[in-house]
Amino acid sequence: EAPREPDSFRALLAADERVEPRDEMPETYRRTLIRQIAQHAHSEIIGMQPEGEWISRAPSLRRKAILLAKVQDEAGHGLYLYAAAETLGASREELLDALHTGRQKYSSIFNYPTLSWADVGAIGWLVDGAAIVNQVPLCRCSFGPYARAMVRICKEESFHQRQGFEILHTLAHGTPEQHAMAQDAVDRWWWPSLMMFGPPDDASEHSQQSMAWGIKRFSNDELRQRFVDMTVPQAEALGLTLPDPDLRWNPERGSFDFGAIDFSELYAVIRGDGPLNRQRIAHRVGAHERGAWVREAASAYEAKRTARRAE
Ligand code: 3HC
């Protein structure tokens, strides 16, 4: 029998108000938020790798500057979100250790390779586009620090999505080779982007409880459908096709019908069997270890400052 939720907590949810770190909350609510916020932060940090590989190979100084700004934004998003998770009592070291040892996850999408410059456009347009659809409702999440972190992150994500769209628009309206490169990237990133929204609702372990707690405002399938409906017209504007022969407007539903998603691929990637899971974590652990001296220097500096203040 689950322990009774504190009345003050139930009252905040009923009034659709924010739960703050010092408010009484069920331990299961706290643990769910640490899980989701930490994994969201891990996604932002690991998400720097696929695009980061193209900073040194961007086709112009302008594209390089934009990509640098985007990857730097992702690092910032990760830090906001780790800070939000820390308000619930989690420590940064614990969360990073959970990522490095595979006890916590990051979004499946970042285990796919970026094979050409067009992939940077496809990631901005599709992956950041999907992230926006998923993250805008999180601005109204019941937990205050998470909702507030989302407001600023969503503003920066819209720049990420626009620059991706612009890269693909330039390529799709360039030479036939450039158009083919853009189409190839969209063909590879479309289905994995739909998988970002998670398992189907009838197979989602956490959705019902997360929705009851006002953490998840819409179900995985509702947000997935919203993303498809938003993206199909944009693909037409780009002059690119989406790799789904079953995609068609359904006037009765007022939405696009689309083909069946191969969720066995999502489960395989979540299990660690995606194209680049091992490489992504190895790169992350290596960077953490190579950066240990920075953390040690910062701690030594802080210790000296504290000692001086105590004199
Ligand atoms: N990749 C990896 N794991 C996934 C996943 C995916 N695409 N979709 C679901 N899962 C995991 C869940 O984490 C959960 O496992 P866990 O219990 O070990 O955490 C399990 O599969 C069951 O899925 P549920 O639908 O029951 O789980 P949730 O209710 O947590 O829903 C979610 C999953 C929709 C991803 C939700 O956690 C969420 O909205 N998270 C916040 C948003 C987020 O993390 N987005 C990552 C996108 S990347 C990004 O934003 C970076 C941007 O700059 C591009």
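From a predicted model like this one, the values you see are computed outputs, not experimental measurements.

Draft legend 1. Representation of helix H5 (residues 92-100) in the model. Among the residues making up H5, those that are buried are Leu95, Leu96, Ala98, Leu99 and His100. Contacts from the buried residues of H5 go to helix H2 (27-46), helix H4 (61-86) and helix H12 (277-290). Just downstream of H5, Gly102 is the residue with a positive phi angle, here 80°.

Draft legend 2. Structural detail: unusual backbone geometry. Unusually for a residue other than glycine, Asp16 sits at a positive phi of about 55°. As for its position among the elements, Asp16 is in the loop between helix H1 (7-14) and H2.

Draft legend 3. Layout of the confidence of the model for the protein. Per-residue confidence for the protein gives a mean pLDDT of 97; residues scoring 70 or more make up 100%. Overall fold confidence for the complex sits at a pTM of 0.96, while the interface term, ipTM, reaches 0.97.

Draft legend 4. Representation of the site of the ligand within the structure. The environment of the ligand is made up of 32 residues, and the closest members are Arg35, Glu74, Lys105, His206 and Lys216. Here an oxygen atom of the ligand and a side-chain polar atom of Gln39 are 2.9 Å apart. In the model, an oxygen atom of the ligand is placed 3.0 Å from a nitrogen or oxygen of the Asn134 side chain. Starting from 1000 Å² of accessible surface for the ligand in isolation, the protein chains cover 90%. Looking at the shell around the ligand element by element, the count peaks at six residues for H2. Tallied by class, residues from the shell around the ligand come to 12 nonpolar, 12 polar and eight charged.

Draft legend 5. The packing of aromatic side chains, seen in detail. According to the stated counting rule, one finds seven aromatic pairs in the structure shown. With a centroid separation of 6.5 Å and an interplanar angle of 65°, the aromatic rings of Trp54 and Trp117 are classed as edge-to-face. Remark: Trp117 occurs in helix H6 (residues 117-135) and Trp54 occurs in the loop between helix H3 (48-52) and H4; sequence separation between them is 63 residues. The exposure class assigned to Trp117 is buried, which follows from its relative accessible area of 8%. Three or more aromatic residues joined by ring pairs make a cluster, and in this case those are Phe9, Tyr29 and Trp213. Lying across the ring of Trp54, Arg57 places its NZ or CZ 3.9 Å from the centre.

Draft legend 6. Fine view of the side chain of Arg224. With respect to the element layout, Arg224 can be found in helix H10 (residues 220-238). Assessed through its relative accessible area of 2%, Arg224 is described here as buried. A distance of 2.9 Å separates a polar atom in the side chain of Arg224 from the backbone oxygen of Gly198. A polar contact is formed between the side chain of Arg224 and the backbone oxygen of Pro199, at a distance of 3.3 Å. When neighbours within four sequence positions are excluded, Arg224 is seen to be in contact with Leu194, Met195, Phe197, Gly198, Pro199, Pro200, Phe258, Ile261 and Phe263.

Draft legend 7. Geometry of H6. For H6, with 19 residues, the first-to-last C-alpha span of 26 Å sits near the 27 Å given by 1.5 Å per residue. Approximately 35° is the largest bend angle found in H6, and it occurs at Ile123. For H6, the N-terminal capping position is held by Ser116, with its side-chain oxygen 3.1 Å away from the main-chain nitrogen of Ala118.

Draft legend 8. The arrangement of the nonpolar core in detail. Counting 82 residues, the largest nonpolar core has Tyr29, Leu33, Ile37, Trp125, Phe143, Tyr146 and Trp189 as its most contacted members. Examining the composition of this core, we find that 11 residues originate from one element, helix H7 (residues 144-172), more than from any other. Those residues in contact with Trp125, other than ones at most four positions away along the chain, are Gln161, Gly164, Phe165, Leu168, Val186, Thr231, Gln234, Ala235, Leu238 and Leu242.

Draft legend 9. The pattern of salt bridges, seen in detail. Scanning the model with the defined rule gives 22 salt bridges in all. The partner of Glu20 in a salt bridge is Arg148, with the nearest N and O atoms 2.8 Å apart. A residue pair is termed long-range when its members are at least 10 positions apart, and Glu20 in the loop between H1 and H2 and Arg148 in helix H7 qualify at 128 residues. By relative accessible area, which is 25% here, Glu20 ends up partly exposed. A residue is classified by how much of its surface remains accessible, and Arg148, at 47% relative accessible area, is partly exposed. Between Glu86 and Arg92 there is a salt bridge whose closest N-O contact spans 2.7 Å. Taking the relative accessible area as the measure of exposure, Glu86 reaches 29% and is therefore partly exposed. Salt bridges here are not isolated pairs; linked through shared partners, they connect Glu51, Lys70, Glu74 and Asp128.

The rules behind these values
Residues numbered from 1 in each chain as written. Predicted model: local features only at pLDDT ≥ 70, side-chain atom pairs only at ≥ 80, totals over all residues. Heavy atoms only, no water. Buried < 20%, exposed > 50% of the residue type's maximum accessible area, 1.4 Å probe, protein only. Helix = DSSP H or I, 4+ residues; strand = E, 2+ residues; numbered from the N terminus. Contact = heavy atoms within 4.5 Å. pLDDT = per-residue confidence, 0-100. Near = heavy atom within 4 Å. Polar contact = N/O pair within 3.5 Å; in protein donor to acceptor, adjacent residues only side chain to side chain. Areas by Shrake-Rupley, 256 points an atom, 1.4 Å probe, with all protein chains shown as cover. Nonpolar A, V, L, I, M, F, W, Y, C, P; charged D, E, K, R; others polar. Phe/Tyr/Trp six-rings, centres within 6.5 Å; stacked < 30°, edge-to-face > 60°. Lys NZ or Arg CZ within 6 Å of the ring centre and 35° of its normal. Expected span 1.5 Å × (residues − 1). Bend = angle between axes of the 7 residues up to and from the residue. Core = buried A, V, L, I, M, F, W, Y, C linked by side-chain atoms within 4.5 Å. Salt bridge = Lys/Arg side-chain N within 4 Å of Asp/Glu carboxyl O.

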